[in-house]
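Chain and residue survey
Chain residues, written in single-letter form:
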Amino acid sequence: PLLIEHCLKCHDGAASEKPKGGLALNTREGWAKGGEHGPAIVPGQPDKSLLIRALRYTDKDLQMPPKGKKLTAQQIALFEGWVRMGAPDPRTGKPSGPPLSDPNVVKNHWAFQPVREPKVPALPKEVISKGVISAQSGKPKAASGTQLLITNYFSPIDAFVLARLAPKNWTLSPPADKRTLIRRAYFDLHGLPPSMAEVEAFVADQSPDAFAKLVDKLLASPRYGERWGRHWLDVARYADTKGYLAGDEQRRFAFSYTYRDWVINAFNEDRPYDQFLTAQIAADLALAGHESKVVDAAAEKPPASQLSTLNSQQSQRDLAAMGFLTLGRRFLNNAADITDDRIDVVTRGTMGLTVQCARCHDHKYDPVSTAEYYSLYGVFASSQEPAEKPLLGIKPDEAAHAAYLAEKKKREDEVEKYRVEQLDKQIGILRKRTADYLLAADEVSPQVARASATAQRRDRDKYFQERKLVPAVVRRWQDYIAKSASAKTPDPVWSLWHAYAKLPDATFESEAQHAARNTQHLSPLVAAAFNTPPKTMKDVAERYGKLLTDADSATPHADKDKEALRLALRSTDAPPNLPAPENDTLLEDARPRLRQLKAKVDEVDATHPGAPPRAMALVDRDSPTKPYVFVRGNPGNRGPEVERGFPKVASLGQAVPFPAKSSGRLELARAIASKDNPLTARVLVNRVWTWHFGAGLVRTPSDFGLRADPPTHPELLDWLATRFVADGWSIKKLHKVIMLSATYQQASDDRAECVKADPANTLLWKFNRQRLDFEQLRDALLLASGKLDLTPGGLPVELTAQPFATRRTAYGFIDRQNLPPMFRTFDFASPDVSASQRFQTTVPQQALFLMNSPFVLQQAQALAARDDFKKFTTDDARIGFLYETIYQRRPAADEVKIAKAFLVAPAQESAKTLTAWEKLAHALLISNELAFVD
């Protein structure tokens, strides 16, 4: 960083073929070769190194940085320590990957090629006959002892998978039994287990389309959007807070939940994915051009009025979708970092492209240049968050809304009261310092007071800072006095000031004795104050200052002469009465308290149930920002100007034109959501596959670049992508295509020969057993206890404080700065950045939480207190109820025997807070059978 900040501007061999002095410090080779004076560094010997000598300023002819910009002693010591340890430097200067200009990078890499629908492979008969697919019927064969689920003929997915298994003489695993399959489907699509009654109904249904009907039922439920919307919120790095902020600014986003609810509803409505993406990037711009589209549609599908209303309501609510951009970390309100975060969530989240790497230099691996990064930067820098967030047209409860308005007004009044009090206080100080301002108005010429030249401005500002004066008030005094001087009739208050101000400093004292003789209609109060001639203009300013401050009063004087003095400080245009917005500068000392009070106002929006929902939207600036390359990522070091645009690698090398008069977000959204974009559909179908199977066809879901893992089944990936687009970008249809395959319906049991050769199951010879994630586990515990609250949407709820909330975990409050230990213990996705997938850890804290957490213990107690549990009078029946409720199966005979023994076992001292039945319920709730899905 020190080299970048202080040296590379002149000594960057990559930026210039002829760095100053011939010395390039951007690579190890550069400083080893050195410049005009030889090698810059002798590793291990700082005293013999020219670089260190230059930094120390011991040689007047060799000083770096030049022009007296010497580094601090601490910074120089860092360089000396580095050289002393041998100057380790990994910057070899050799490219880490294919050069950006190499056309073969795009030509040969699978992810940058157009998506083409591959031919579905034909399977050899011997492969079919060996496995679970029947050669006669094309249907799965039942494994020994397995209840067979009858499905349609095996799908193209199975053909692609079997084609990869065939060279090893492997085939698919037998189908999972129906109880396993329904639990898998429920947890997969809803994040919740089925009831025992639903399991029994499915097992009894022997129709060929039983599973297809089940999938349709699950996709039609609002529980689906809550589960799959949460998957997307990981990608969107959703949180309800802004992260670390200095000062007292409100850390909560006021309406973050409106984005979360929009995502959930979009999944439930099966919003086409291209529209889903477009709304999240540019809903405001799509809405601005919506009326013409409504008219066109109305011509085809009357009545127009009804269609227009429906469309406009949908479009208005789509504004909430832009939380995708605005709900990231706020980085101490650093605009460059906020914009960088938005670029990352868009490019990695939607296209699996790590454009963020090009912020400081051309991407080392992928064909994305720094210029292209700043082309995107210009798109987002041309947008801003509106001062007042747009309403979504959703009316809250009337009583709650009235209470909200009253509370907000109360807090706003507190802010305004304090602001006015502090402003009055500061203006009062300005009035008391009238003498100082009058002297400054005389000493600083009006031209210098308004100067824009750097040197003049620096001297002027130093003058004001040393005297702690407000520059705007000095200028107002100058204007006020100048206006008095230009009046047609002599001013009785200020005519004597004008006379003294004309006197030269050298002869002021001698000429001041005669100056008063030339004034007419002089105020008697002013005349009395200058009964003795002044010696300097400072003396004049002090006497005028005393005159005015002595006459200062909040109420008028009966004496007209004294009232004239009062008005010089109290009239509307009096110099101390600094108007808005200039008077905001007077409130610096009050700023911390104002921020605290303003945060309380914002808190009402963030927490009150009566606050009308608003969108965390973006809007275009009045005119687009002209983007420049920031050299080495430093906003203070501008490089060449670039045009707003789209990375060519994601548009098959074709330039995407961006409009001159808008940000270009809509064009960006359409370029991303284009069927011709080689990345978007591939990335999405791979994400969906990952969330179904626990591992993707591409094991790096947010990186499809040159260093990404190649697809395990490239033809299958492209077949799914083309099918997805052909099906209208429907995610629900994609679910059905995947879930109705024999590949999805396989058992999850290991097969010795397969485990040995393919332990990661990359060839998909079985279904992956998966552990419940944080949301699934918490919701399953609440469902078993009978406490789960399925109320949809609304303000986020605190999940970790007692009394524990019972809402679905998807509606929990997410504090990105202080993510609760419970979230972290169970591998919740970090809300700081777009999450490609969740890590899975197995640590003691997980078991300790389940054994000791008050939340889990309360669910065990609630389960044992359920009315439908108490109605059973025998131990066998009650044990059966617990197994059916928690595991959706009946207990085996030995499990009943073990449970009965457990019930009569003496309680340990530490476990006496629970009854025997509560302890049994607790033991069953924290078992692996609940925590894992086959």
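The structure contained in this document is the topic of the report that follows. Just so it is clear, the model here is predicted, and its values are computed rather than measured.

**A short note on the pattern of salt bridges**
Taken as a whole and judged by the stated rule, the model has 60 salt bridges. For Asp341, the salt bridge is made with Arg237, and the minimal N-O distance between the two is 2.9 Å. With Asp341 in helix α18 (residues 335–351) and Arg237 in the loop between α12 (222–235) and α13 (256–268), this pair connects stretches of sequence that are 104 residues apart. Arg237 carries the same exposure label as Asp341, and that label is buried.

**Some words on the environment of Ser195**
In this fold, Ser195 is placed in the loop between α9 (178–190) and α10 (196–204). Taking the relative accessible area as the measure of exposure, Ser195 reaches 32% and is therefore partly exposed. Sequence spacing of Ser195 and Leu325 is 130 residues, and the spatial spacing of their C-alpha atoms is 39 Å.

**Quick word on helix α5 (residues 73–84)**
In this model α5 runs 16 Å from its N-terminal to its C-terminal C-alpha over twelve residues, within 8% of the 16 Å that 1.5 Å per residue would give. Those residues of α5 lying buried are Ile76, Phe79, Glu80, Trp82 and Val83. The buried side chains of α5 occupy one side of the element, clustering within an arc of 160° when seen end-on. For α5, the exposed residues set more than 90 degrees away from the buried face come down to Ala73, Gln74, Leu78 and Arg84. In this structure, the buried residues of α5 make contact with α1 (2–6), α3 (28–33) and α4 (50–56).

**Quick word on the packing of α12 against helix α32 (residues 680–693)**
It is at 12 Å that the axes of α12 and α32 come closest, and there the two elements cross at 120°. As far as their axial angle goes, α32 and α12 are oblique. With respect to the hand of their crossing, α12 and α32 are arranged in right-handed fashion. Along its contact with α12, which presents Trp228, His231, Trp232 and Val235, the element α32 presents Arg687, Val688, Trp691 and His692.

**A look at the packing of helix α38 (residues 844–852) against helix α39 (residues 854–864)**
Contact geometry of α38 with α39 gives a least axis separation of 5 Å together with a crossing angle of 45°. As summarised for this structure, α38 and α39 are arranged oblique, according to the angle between their axes. Side by side, α38 and α39 meet where Phe849, Leu850, Met851 and Asn852 of the first sit next to Pro854, Val856 and Leu857 of the second. Split into classes, the residues belonging to the contact of α38 with α39 amount to six nonpolar, one polar and no charged.

**Here's the deal with the state of the cysteines**
The final tally for this structure, using the stated rule, is zero disulfides. Cys357 takes part in no disulfide bond, and the closest cysteine sulfur, belonging to Cys360, lies 9.8 Å away. Take Cys360: its relative accessible area is 37%, and that puts it in the partly exposed class.

**What to know about the packing of aromatic side chains**
In the structure shown here, the tally under the stated rule is 44 aromatic pairs. Judged by centre distance (5.2 Å) and plane angle (70°), the rings of Trp232 and Phe276 are edge-to-face. Taken together, the positions of Trp232 in helix α12 and Phe276 in helix α14 (residues 273–288) put the pair 44 residues apart, joining distant regions of the chain. With relative accessibility at 1%, the residue Trp232 sits in the buried group. What makes Phe276 buried here is its relative accessible area of 3%. Clustering of aromatic rings is evident, with ring pairs tying together Tyr224, Trp232, Trp262, Phe267, Tyr273, Phe276, Phe324, Phe724 and Trp729.

About the cut-offs
Residues numbered from 1 in each chain as written. Predicted model: local features only at pLDDT ≥ 70, side-chain atom pairs only at ≥ 80, totals over all residues. Heavy atoms only, no water. Salt bridge = Lys/Arg side-chain N within 4 Å of Asp/Glu carboxyl O. Helix = DSSP H or I, 4+ residues; strand = E, 2+ residues; numbered from the N terminus. Buried < 20%, exposed > 50% of the residue type's maximum accessible area, 1.4 Å probe, protein only. Expected span 1.5 Å × (residues − 1). Arc of directions from axis to C-beta. Contact = heavy atoms within 4.5 Å. Axes fitted to C-alpha atoms, helices over the stretch in contact; angles between N-to-C directions. Parallel < 35°, antiparallel > 145°, perpendicular 65-115°, else oblique. Left-handed = near helix turned anticlockwise from the far one by under 90°. Nonpolar A, V, L, I, M, F, W, Y, C, P; charged D, E, K, R; others polar. Disulfide = S-S within 2.5 Å. Phe/Tyr/Trp six-rings, centres within 6.5 Å; stacked < 30°, edge-to-face > 60°.

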